[in-house]
Each structure stands twice: as C-alpha cells, then as structure tokens.
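# Fold and contact review
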Amino acid sequence: MAFVTRFAPSPTGPLHLGHAYSAILAHDMARAAGGRFLLRMEDTDLDRCLPVHEAGIVDDLTWLGLTWDGPIHRQSTRLAAYNARLEPLVQRGLLYPCSCTRSDIRAALAAPQEGVPHTVYPGTCRGRPMASRQPSDALRLDLAAALDLIPEGLEFLETGPAFAGVHRIVRASALESIGDVVLSRKGEDIVAYFLASAIDDADQAISHVIRGEDLFAFTPIQVILLNLLELPVPIYHHHLLIRDDAGRRLAKRDDARSLSRYRAEGWTPDDIRRRVFTPPA
Ligand code: GLU
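The sections below set out a description of the structure shown in this document. Note that the structure is predicted; figures quoted are calculated from it, not measured. (Residues numbered from 1 in each chain as written. Predicted model: local features only at pLDDT ≥ 70, side-chain atom pairs only at ≥ 80, totals over all residues. Heavy atoms only, no water.)

### Quick look at the sheet that holds strand β3 (residues 73-74)
To keep it simple, the criterion reads: Two strands qualify as a pair provided DSSP detects at least 2 bridges between them. Helical segments are the DSSP runs of H or I of at least four residues, strand segments are the runs of E of at least two, and each set is numbered from the N terminus. It only takes one pair of heavy atoms within 4.5 Å for two residues to be counted as in contact. Only C-alpha atoms enter the line fits that serve as axes; for helices the fit covers just the stretch in contact. Angles between N-to-C directions range over 0 to 180 degrees.
Reading across the sheet, the three strands line up as β1-β2-β3 and stay open at both edges, with parallel pairing between neighbours. If you trace the sheet from one side to the other, it starts and ends with β1 (4-7) and β3, each paired once. Pairing geometry for β1 and strand β2 (residues 36-41), over four bridges, is parallel. Among the inter-strand pairings, V4 is bridged to a residue of β2, identified as R36. Packed onto the sheet, helix α7 (residues 193-203) meets β1, β2 and β3 and runs at close to 150° relative to β2.

Here is the structure:
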C-alpha cells in the first residue's frame, strides 16, 4: 500500500509549535516511507479562515523545510462535492432536519439526565421527515438507524502512542458517546468538519491520518461515516500533544507561542525540531 498522508490545518490563525510537530511528523513519516505528503486547508469556516493565515502557514512550513506533493487542496472549493455525498444518506432515510438550538438541547437534557457530563443530542427532532426541512434547519444523522446498516464489529487500526491497537465500534457506546451528530449546518451548504475531513481523506487516497490526539474522539464517527459512504478507512496515528513548560496544551490562539514568534526570536528550523521532538524533562 502506498503511504499517503497529509497536514490539514484550519487557516484561522498562526501556526504554533503543536502544528509544527504535526506537520514535521507527517512529512518525515511520508518521506521515510517513500510516500506522499499532502497539504490540505480545512477552510470551510468562511468567516474565520483568512487568506492571510493560509499565507502564513505556507510561509512557516516552507521555512521549516517541508515540501508537499501536488497543489494545496482547499475544502472551500469542494462544498458541492461534500453535499453530494449526503444524498445517498438522505435516500436511505438516515438524516433528519433539526431546529433545536443549543439551549433547547441543554433544556431537554437537564431534567432527566442531570449531572451527565456530555451533550449527546437527546433526539428531539428524530423522526421528522426530510420534506419538513426549513432553510434554518440543520441535518442530523440518525445514528441508531445508521448502525443498523454497518457490519457488526467494524474496526479501525490506530498506531499512535496513546491509543495503539485495533478499535472496534461498539453500538451501545457509540449511541452513548456520539449520538445523532449534526452533519450539515442550518441553512448553509456547509457540512461538519469531521465529515468533510473524512471525505477528503478518502478522495485524496490518504493511507495514514497523522494528527493530534485531541482529534482521536472524532475517529469512530468518521469510521462510521466512511463505512456508510462505502469509502475506504485509513490507518490512524494520533500523536501526543506538545505542551508548554507548565504542561498546558499549546492553543492556536496563543499568539505568544506562534511559530513566527520563535522565528523572530532567532530560532532555526533545527531548534524547532529539537524542541518538538524532545520530551519535556
Ligand atoms: N483541521 C483540523 C485542525 O486544524 C485537523 C483535522 C485533521 O487532521 O483531521 O485541527
């Protein structure tokens, strides 16, 4: 199997050390395997994703000495393709329109499930026919109906340090921890991040998804969706997150820690590599 991986930032801000680690790791693994390394901009959030951030990302990656294969792939050019993939799910009766607001969902959960620390959708709109969809409605996946259609014992392979092994999709825990997720936002042609990302992984023939362990939680729903869409499931590799000296995760918004800041302070690409590949003492 050809080794194909990608770095898939959302251009909503400057790159930080955590992104640098993710990009370098994916790049180096691809090069070591004689494979391909692709660059994908996950820029479906048209309000927050700005050309200036994309330019900054390209500049930082180039400065780090990373090269990618082929042109940059932009999700903003693919909205129609993502929506087209929803159609078979509609045909199979797996989607329903939902008009609930966040506070409706909180209120529905509050009484019977007080203290339950998750916001899995309580199913208020489940069963509504697609024909009743209003422009302001979101589309949700009827997860129980979807799970009826996928093979018992669907599995995916994870090779990252924290969760290495074969993971099986278990119906009861999927219903409890994932629930009826929103796949398409209200009134817009914009599909959920995890759906667009999974579709692109398949369409770009990604063999290995290399990304931070904070995204591991999205993997089961991505595997379920890929199976429903009859698309191939990649191997996943979730890496550990880079933390600051106090052990806090480096957030993208923490501009003080942006890569450009390190560059301005005179760090070299090798200094960055040493910093991200050296575990904290
Ligand atoms: N766009 C996501 C982010 O910037 C990464 C998605 C992925 O690697 O699957 O956090």
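### Focus on the site of the ligand
Note the threshold: Proximity criterion: a residue is near a molecule or strand once any of its heavy atoms comes within 4 Å of it. Polar contact is the term for a pair of N or O atoms within 3.5 Å; when the atoms are in protein, one must be able to donate a hydrogen and the other to accept it, and sequence-neighboring residues count only if both atoms are side-chain atoms. Residue exposure ignores everything except the shown protein chains as possible cover, and the areas themselves are Shrake-Rupley values with a 1.4 Å probe. Residue classes follow a fixed rule: Ala, Val, Leu, Ile, Met, Phe, Trp, Tyr, Cys and Pro count as nonpolar, while Asp, Glu, Lys and Arg count as charged, and any other residue, Gly among them, counts as polar.
Taken together, the neighbourhood of the ligand is formed by ten residues, with R6, A8, S10, E42 and R211 sitting nearest. At a separation of 2.8 Å, an oxygen atom of the ligand approaches a polar side-chain atom of R6. A distance of 3.0 Å separates a nitrogen atom of the ligand from a polar side-chain atom of S10. Compared with its free state, where it exposes 300 Å², the ligand has 84% of that area covered by protein. Split by residue class, the shell around the ligand holds four nonpolar, two polar and four charged.

### Thoughts on helix α1 (residues 17-32)
Test applied: Working rule for helices: expected span equals 1.5 Å times residues minus one. A simple rule labels every residue: compare its accessible area, found with a 1.4 Å probe on the protein chains alone, to the largest value its type can have, and call it buried under 20%, exposed over 50%, or partly exposed in between.
Taking 1.5 Å per residue, 16 residues should reach 22 Å; α1 reaches 22 Å between its end C-alpha atoms and fits that length. With respect to burial, α1 is a largely interior element, twelve of its 16 residues being buried. Looking at α1, one finds that the buried residues are L17, G18, H19, A20, Y21, S22, A23, I24, L25, A26, H27 and A30. Following α1 by one or two positions, G34 has its phi on the positive side, about 65°.

### Observations regarding the packing of aromatic side chains
Note the cut-off: Here is the rule: rings of Phe, Tyr and Trp (six-membered ring for Trp) pair when centre to centre is within 6.5 Å. Planes less than 30 degrees apart are stacked, more than 60 are edge-to-face, and the remainder are tilted.
For the coordinates displayed, the defined rule picks out eight aromatic pairs. Here the aromatic rings of Y21 and F277 are separated by 5.3 Å at their centres, their planes lie at 75°, and the arrangement is edge-to-face. Residue Y21 is located in helix α1, and its partner F277 is located in helix α10 (residues 269-277); the two are separated by 256 residues in the primary sequence. With a relative accessible area of 13%, Y21 lands in the buried category. On the basis of relative accessibility, which here comes to 37%, the residue F277 falls in the partly exposed class. Here the aromatic rings of F156 and Y236 are separated by 5.8 Å at their centres, their planes lie at 80°, and the arrangement is edge-to-face. On the criterion of sequence distance, the pair formed by F156 in strand β6 (residues 155-158) and Y236 in strand β10 (residues 235-239) is long-range, its members being 80 residues apart. Each of the two residues, F156 as well as Y236, counts as buried. Taken together through their ring pairs, the aromatic side chains of F156, F163, F216 and Y236 make up a single cluster.

### Things to note about unusual backbone geometry
Non-glycine residue A205 carries a positive phi angle of around 55°. Tracing the chain through its elements places A205 in the loop between α7 and β9 (208-212). You will see that E230, though not glycine, has its phi angle at about 55°, which is positive. Within the secondary structure, E230 sits in the loop between α8 (219-228) and β10.

### Re α8
Burial runs high along α8: eight of the ten residues are buried. Taken as a whole, α8 has its buried residues at T219, I221, Q222, V223, I224, L225, L226 and L228.

### With respect to the pairing of strand β5 (residues 138-141)
The side-chain alternation of β5 yields two buried faces, one formed by A138 and R140 and the other by L139 and L141. The sheet contact formed by strand β4 (residues 95-98) and β5 spans four bridges and is antiparallel. Paired with L95 across the strands is L141, a residue of β5. With two bridges joining them, β5 and strand β8 (residues 182-184) adopt antiparallel strand pairing. Residue pairing in the sheet places L139 in a bridge with S184 of β8.

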